[in-house]
Every structure is written in structure tokens, then in C-alpha cells.
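# Structural overview
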Amino acid sequence: MYPDLSDIEEKLTVHISKTLALSTKRQPEETANALLSWQRAQEFYDGMISFLGPLKGKRLLEIGCGYGLFLAICKKNKIKAEGVEPASQEFYKFTLKFSKEILKRYGFLKNVIKNATGEKLPYKDNVFDAVVSFYTLEHVQNVSKVLTESTRVLKPGGNLYFVVPNYGSFWEGHYGIFWIPYITKPLAKLYVRLWGKAPEAVDEYQFVNQVNLEKKVKNLPLIVKDWGNQQFIERVQELSISGNTLGSAKKILECLRFLKLLKLSAHIASFLKAQTPIVLVAQKVSS
């Protein structure tokens, strides 16, 4: 049984209405509900286990742990989980405060979350069995540093599991709009304006895609096992793409299914490395 978060969700909704919603033009209630969704956190956990296998008794680090729901589920399943979350930006002003309260309500210690960034992890080398991240890599300051630091703290044989929106795909989830793959930021700002949305948030996002991620992990002691292609194909065909933009995305998928183009479209998108999200699964080797 998950603890009730309705009071926290109410406060978060007000905060989002004064920050993120000003640029995305999304309903703040919708975003707050997604960020505090136990179902979504459980989906993250189940997805991770499907790729990495059982992690009971293992040490896990989550980069960008947000409000701590995923960590709480991990700890409930006897994983030695902890996380880092920066608290410097205005939007993340209450993240640490709320996450500690949520963990407390679930019966776990509040100090499992540290105020730190993925670019500078406060841990020694080779200490974690798994380093994971969900929809965070597009928000960091330096993608390469985060990947390097994540690899550094992994034990040899440990696994990296990063889920990240694909800016080489045809969908942008933060704004909830059809996307032009590999578009530049200046053009992206103009494009976002055409949708009637404010472009300021574009500056925050790293336009991560599989092509540039392949280049960044190439020189790291990692063996890439998956990019999430098959999972994407299966979920598209089942119309089970999750996220707080599901409504709009699902209408497009339903239209493709009606035209009997859904399966073909999923395979073409995968072939073009346009699956979204990217699910980077990699194992650290001895350097």
C-alpha cells in the first residue's frame, strides 16, 4: 500500500504553475500527477528489473531521483538504493524537501538522497552494482561528465540503466508535441512558438539522441547491451506508451493502427534510431 501524497501533490501543483507550466503550457495538475505517480515509479522499477534481473541486496544509485518514489519501491524490494538530486535550480526548490518527506512516510530514512549532481558524484570508485536514471539526462549540464561519473562509481560487471527522451525521434514529451528529429536549438525555439508554447525551456534541455550517445559511451569501459528498440516496438504495437503526454501520443498511434501502418511505423522508427525513450543498458568491464 502506497502512502497518500495528495497534500504534497497540491503544493507541487502550485509550484509548477509558477515555474515549468509557464513555458510548456501544460496543465500543472497533469505534470504534478505524473511526477508523484506511484504507478509510473512502479513501471520504472519493473522495466529496470526486466533488463537487469533481480537486484535484491545489491547497491543501487539513482541519478536525478526527483521525489524519491522509485527509491522507495527499490528499498521496499530490499535493494540498497540511494540517490542524488540537485537543489540549485528554481524548479527543483522543493524536490529534496518533498522527497525526504515521501521516504519518511514510506518508513525509510531521509538521508538516502544527497544534494549533488550527476557531474560530480560524492562516491568512491567501483562501489555500485547498478547506476540508473529516468528522464534526467536531458536536464543535466554535461551529458558526457554524467556518463563518465556514472561509469566511475560502477563496480566492474555492474550495470548502467538510463531511460531518456530521444531527440532523434518524432515526439517531444515535455511539450507534448510532434517533433522534428535532430532539429537545432535555434530552429526548435521557432518551432515550439508555432505550437503556441513558450520556448524558454528549450535552453534547459540537452537534445540527447542515440547517435550522440553512441559517441559518448564509445571511449568508456562499457559494453552496450541494449538501446530499447525491441521494447519500443512492442509497446507501440500494444499502445502502451506511458508518460504524462500519453493522450496526445496515443491518438497518433491509434490513427496509424486504423490505417494498418502501426507495426511498419514502429519498425521504421526503430531502424532510424528514432525509438523513444532511449533505454541505454550497458555493463562496465575491467579497464
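Residues numbered from 1 in each chain as written. Predicted model: local features only at pLDDT ≥ 70, side-chain atom pairs only at ≥ 80, totals over all residues. Heavy atoms only, no water.

As summarised here, the arrangement of the seven strands in space is S3-S2-S1-S4-S5-S9-S8, forming an open sheet in which the pairing is mixed. Across the chains shown, the open sheet's two edge strands, defined by having one partner strand only, are strand S3 (113-114) and strand S8 (222-226). Note that S8 and strand S9 (residues 278-284) share four bridges and pair antiparallel. Among the inter-strand pairings, Leu222 is bridged to a residue of S9, identified as Lys284. (Pairing = 2+ DSSP bridges. Helix = DSSP H or I, 4+ residues; strand = E, 2+ residues; numbered from the N terminus.)

Bringing the packing of aromatic side chains into the picture now. Counted according to the given criterion, the structure contains 17 aromatic pairs. Among the aromatic residues, ring-to-ring pairing joins Phe44, Phe51, Phe70, Phe134, Tyr135 and Tyr161 into one connected group. The positively charged end of Arg40 is found above the aromatic ring belonging to Tyr135, 5.5 Å away from the centroid. For the cation-ring pair, Arg59 lies above Phe128, with the distance from its terminal atom to the ring centre recorded as 4.4 Å. (Phe/Tyr/Trp six-rings, centres within 6.5 Å; stacked < 30°, edge-to-face > 60°. Lys NZ or Arg CZ within 6 Å of the ring centre and 35° of its normal.)

Once that is clear, we can look at the environment of Phe162. The topology assignment puts Phe162 in strand S5 (residues 154-164). Judged by its relative accessible area of 1%, Phe162 is buried. When the C-alpha positions of Phe162 and Met48 are compared, they lie 9.2 Å apart, and in sequence the two are 114 residues distant. (Buried < 20%, exposed > 50% of the residue type's maximum accessible area, 1.4 Å probe, protein only.)

Turning our eyes to something else, we now look at the state of the cysteines. Taken as a whole and judged by the stated rule, the model has zero disulfides. Cys74 forms no disulfide, and the closest cysteine sulfur to it belongs to Cys65, at a distance of 11 Å. (Disulfide = S-S within 2.5 Å.)

Structural remark: α-helix, 3.6 residues per turn; residues separated by three or four positions point the same way. Those residues of helix H12 (residues 262-271) not exposed but buried are Leu262, Ala266, Ala269 and Ser270. The buried residues of H12 occupy an angular sector of 100° when the element is viewed end-on, so they sit on one face. For H12, the exposed residues lying more than 90 degrees away from the buried face are Leu264 and Phe271. Downstream of H12 by a residue or two, Lys273 has a phi angle that is positive, lying close to 60°. (Arc of directions from axis to C-beta.)

Honestly, it's all geometry; don't read function into it.
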